[in-house]
Amino acid sequence: MANKKAIDCIKKDDLIVIGGAGGFIAGALTRYFKDQGFTRIRAIDKKPLPEWYQVVEGVENLCMDLSHEENSIIACRGAKEVYNLAADMGGMGFIEKFRIECLRSVLINTHMIEAANRAGAERYFFSSSACAYNVELQKDPNVRALKESDAYPAMSERGYGWEKLISEMFCEEYWAERGMKTAIARFHNVYGPYGTWDGGREKAPAAICRKVIEAKDSGDLKIDIWGTGEQTRSFMYIDDCVLGIDMIMHCDDLIATPINLGSSELVAINKLADYAEEIGGVKLEREHDLDAPQGVAGRNSDNTFIKEVLGWEPDLSFREGLERTYKWIEQQYNDRKAGKRTVS
Ligand code: NAD
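Model, not experiment: these values are computed from the prediction. Every residue gets a number counted from 1 within its own chain, in the order that chain's sequence is written. Under the rules for a predicted model, residues below a pLDDT of 70 receive no local features and side-chain atom pairs below 80 are neither given nor counted, while totals for whole chains, interfaces and linings still include all residues. Side-chain metrics in this entry use all non-hydrogen atoms of the structure; hydrogen atoms and water are not considered.

Topic: the nonpolar core
So, point 1. Residues grouped as a nonpolar core are buried Ala, Val, Leu, Ile, Met, Phe, Trp, Tyr and Cys residues, joined through side-chain atoms within 4.5 Å. Exposure categories follow from relative accessible area, calculated using a 1.4 Å probe and restricted to protein chains: below 20% of the type maximum is buried, above 50% is exposed, and the middle band is partly exposed. One finds F33, Y83, F187, I245 and L261 to be the most contacted residues of the largest nonpolar core, which totals 70 residues.
So, point 2. Residues V17, L62, I108 and A121 belong to the second largest nonpolar core, which totals 23 residues.

Side note on the packing of aromatic side chains
How two aromatic rings sit relative to each other is set out by the distance from centre to centre and by the angle between their planes.
So, point 1. In this scheme Phe, Tyr and Trp rings, the latter by its six-membered ring, pair at centre separations within 6.5 Å, and the angle between planes marks the pair as stacked below 30 degrees, edge-to-face above 60, and tilted otherwise. Under the defined criterion, the tally for this structure stands at twelve aromatic pairs.
So, point 2. Note on Y275 and F318: the rings are 6.1 Å apart at their centroids and 50 degrees apart in plane angle, and the pair reads as tilted. Of the two residues, Y275 is situated in helix α10 (residues 269-280) and F318 in helix α12 (residues 318-337); the sequence distance between them amounts to 43 residues.
So, point 3. For Y275, a relative accessible area of 15% puts it in the buried group.
So, point 4. Since its relative accessible area comes to 1%, F318 is described here as buried.
So, point 5. Pairwise contacts between aromatic rings join Y32, F33, F38, Y83, F125 and F187 into one cluster.
So, point 6. Remark: a charge is flagged as sitting over a ring if the NZ atom of Lys or the CZ atom of Arg is within 6 Å of the ring centre and within 35 degrees of the ring normal. The ring of Y53 carries K47 above its face, with NZ or CZ at 4.0 Å from the centroid. Segments assigned H or I by DSSP are reported as helices when at least four residues long, segments assigned E as strands when at least two residues long, and all are numbered from the N terminus.

Points about the pattern of salt bridges
So, point 1. Put simply, a salt bridge is a Lys or Arg side-chain nitrogen that is within 4 Å of an Asp or Glu carboxyl oxygen. Inspection of every chain in the model, using the stated rule, returns 29 salt bridges.
So, point 2. A salt bridge links R286 to D274; the shortest N-O distance between them is 2.6 Å. One end of the pair, R286, is in strand β13 (residues 285-289); the other, D274, is in helix α10, with twelve residues separating them in the sequence.
So, point 3. The closest approach of N and O atoms between R324 and E320, which form a salt bridge, is 3.2 Å. Of this pair, R324 and E320 are both found in helix α12, four residues apart, which corresponds to roughly one turn of the helix.
So, point 4. One salt-bridge network, in which partners are shared between bridges, spans D198, E202, R210, E214 and R336.

As structure tokens, then:
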């Protein structure tokens, strides 16, 4: 099946706008489009430029808060395609504690989609999340993988998940009422180099790699694991994620249709720790913090739909992706110790 990508649909000098580009996924997406030869990319984030995870050369970088209407209008001016990945988010530790911040991201999508539509953009991408799914279906670590229809009847993750669900609806209605082509991908945990690895917003793969590296460095051979470690997730490597975004955005069978973008390899957190120890060549004593945020008991991506429509699914094995990520975090850790600038 020949899936269409940006390269097949727009000209190299058409303007691509990417919101949240100072962060992990949108930073990687910016680099991806730049590497494909697109010459007009506008990258936007509210963080000051020195804090962006990746600053891609030859790209127009704007530091603006996209939750303000006037900034969204500036951001979308002249855009052919708009990718909105800006959101106030983090791992479980963040989204369970800061529900208001998560909910307020609804302002970003509200203004960005309207501005994109008024600017005459042809396509609009929204980064939704598996947290939009009904939490009642995620109470068992041996979870049934979530399929797209499982978002309704709605009982999303409080705060973050509900914001994603309502923003998805915006995308559906801008297509239904105004004919703007929108794309909605429900990401399942994304990980990889240039992701947050410290500071409280990091997700489990990066947090556990960092803890293994810290234990080795300090000689205190212990690791704390949030919860029993039996909770399960699937994790998608960043390269699969950006490729999936491109294909979903340019597939006319997926207009205004939420679709899972995640790996279907289910991994328990204890297994993740086994892998990280193996990669680090160390065995640590585990301490389970049963009071720490853990999220749902289990979550996996049912990839039946994406395989049917795109003939593709994210497929880099978790062990392989984790090894690449571990090595990158180890380098970051050493750079930080040496006083060099690092991501997060
Ligand atoms: P990230 O935190 O690394 O990047 C998000 C970026 O958005 C940050 O750099 C932040 O500064 C920016 N931002 C926040 N509010 C903004 C505003 N008002 N104006 C402009 N910029 C603003 O997160 P990420 O992991 O790259 O996630 C990108 C998108 O994918 C988010 O919408 C997130 O909800 C979604 N998502 C991510 C994952 C994952 O595992 N990383 C899973 C599901 C969904």
